[in-house]
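Listed below, chain by chain, are the residues.
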Amino acid sequence: MSQYNDISYIEAYLQDRMGEAERRAFEAELSGNEPLRQEVDAYQKIYSGFNALKENAFSGQVAQWITEAKAQDQSNIVPIKKGAIVRTMWRRLAVAASVVLLLGIAAAWWVSQQYSDEKLVAEAYISPKASGTMGGQETQASLLEKQFETAHQFFKNAAYADATREFGLVVNQLEANPALFDQLTHQFYLDNAKWTGLLAQFAAGQISDEAFSEKLAAFANDPASDYAEKAKDLKRDLGSVWRKIGG
């Protein structure tokens, strides 16, 4: 069964290009040939890795590979056939290089997901409780509350440019009409609109990392702000080396 040592047979098997009789013969050889089975497993990782690149499950696929690699006893790996040590060594090096490449792509993909603009603002977002003053005759205050909730809905739907605009309008009205609400309610709406509006502006790509970091510092350095801790965490993640790698 020496012909099965050729990579073309492994590729044909993995890509389902074998006839039924040939596949049965190959699988019979595979069941009793541990080195060949290890070769097939290695190439299967490569093919499945490229397919997984198209899916969000790639990080899980990579984690599974790492677990399998740790459990594998590399000392049991031997050349497929006697007299082919050099050829097998280069083949294994090619497989290893391909897997390393995939792992590198996986790492970059995972980092890009974990430290993307949308991921960062999602973790920093604080959803307010629904207002209890709706209903009845519409007043300037109730209209402003509706606009505030609309702005949050835009944010939740990832319509960040619209959310930025709406939060800006809310802030302008609150600053122009400080007597619309009692002092605590006014401060709550104003602080939340400024914070969430800043997050929306960043997610919409309307502000640079540097300018965003400066604005975060203003929140982080205000001990009276309800968003100080969120701002500190976000500022740290914004400057993370992992974000630079993913970028």
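Our structure is the block above this text.
Overview of the structure. (Residues numbered from 1 in each chain as written. Predicted model: local features only at pLDDT ≥ 70, side-chain atom pairs only at ≥ 80, totals over all residues. Heavy atoms only, no water.)

As for the environment of Pro-178
Structurally, the position occupied by Pro-178 is in the loop between α8 (160-176) and α9 (183-203). In the structure, Pro-178 is positioned twelve residues away from Leu-190 in sequence and 9.8 Å away in space, judged by C-alpha atoms. (Helix = DSSP H or I, 4+ residues; strand = E, 2+ residues; numbered from the N terminus.)

Concerning the pattern of salt bridges
Taken as a whole, this structure holds eleven salt bridges when the rule is applied. With its nearest N and O atoms 3.4 Å apart, the salt bridge here joins Arg-23 to Glu-27. Taken together, the residues span about one helical turn, with Arg-23 and Glu-27 both in helix α2 (residues 20-32) at a distance of four residues. With relative accessibility at 33%, the residue Glu-27 sits in the partly exposed group. Glu-229 is the partner of Lys-232 in a salt bridge, and the nearest nitrogen-oxygen pair spans 3.4 Å. One end of the pair, Lys-232, and the other, Glu-229, are both in helix α11 (residues 228-238), three residues apart, so they sit about a helical turn from each other. Through salt bridges with shared partners, a single network forms among Asp-16, Arg-23 and Glu-27. (Salt bridge = Lys/Arg side-chain N within 4 Å of Asp/Glu carboxyl O. Buried < 20%, exposed > 50% of the residue type's maximum accessible area, 1.4 Å probe, protein only.)

Examining the nonpolar core
Formed by 34 residues in total, the largest nonpolar core has its most connected members in Phe-155, Leu-174, Trp-195, Leu-199, Phe-212, Leu-216 and Leu-234. When contributions to this core are tallied by element, the ones reaching two or more residues are α6 (117-124), α7 (140-156), α8, α9, α10 (209-220) and α11. Broken down by element, the residue count for this core peaks at nine residues, all from α9. Once residues within four sequence positions are removed from consideration, Leu-234 is found in contact with Leu-120, Ala-124, Trp-195, Leu-199, Phe-212 and Leu-216. (Core = buried A, V, L, I, M, F, W, Y, C linked by side-chain atoms within 4.5 Å. Contact = heavy atoms within 4.5 Å.)

A look at α8
Here α8 contains 17 residues, and its C-alpha end-to-end distance of 24 Å stays within 8% of the 24 Å for a straight helix at 1.5 Å per residue. What α8 keeps buried is the set Tyr-160, Ala-163, Thr-164, Glu-166, Phe-167, Val-170, Val-171 and Leu-174. Taken together, the buried residues of α8 touch α6, α7 and α9. (Expected span 1.5 Å × (residues − 1).)

Some details on the packing of α9 against α11
Close contact between α9 and α11 brings their axes to 13 Å; oriented N to C, the two are set at 15 degrees. The angle between α9 and α11 places the two elements in the roughly parallel class. Helix-helix and strand crossings are classified by hand; for α9 and α11 the assignment is left-handed. Together, Trp-195, Leu-199 and Phe-202 of α9 and Lys-230, Ala-231, Leu-234 and Leu-238 of α11 make up the contact between the two elements. Taken together, the residues of the contact of α9 with α11 break down into six nonpolar, no polar and one charged. (Axes fitted to C-alpha atoms, helices over the stretch in contact; angles between N-to-C directions. Parallel < 35°, antiparallel > 145°, perpendicular 65-115°, else oblique. Left-handed = near helix turned anticlockwise from the far one by under 90°. Nonpolar A, V, L, I, M, F, W, Y, C, P; charged D, E, K, R; others polar.)

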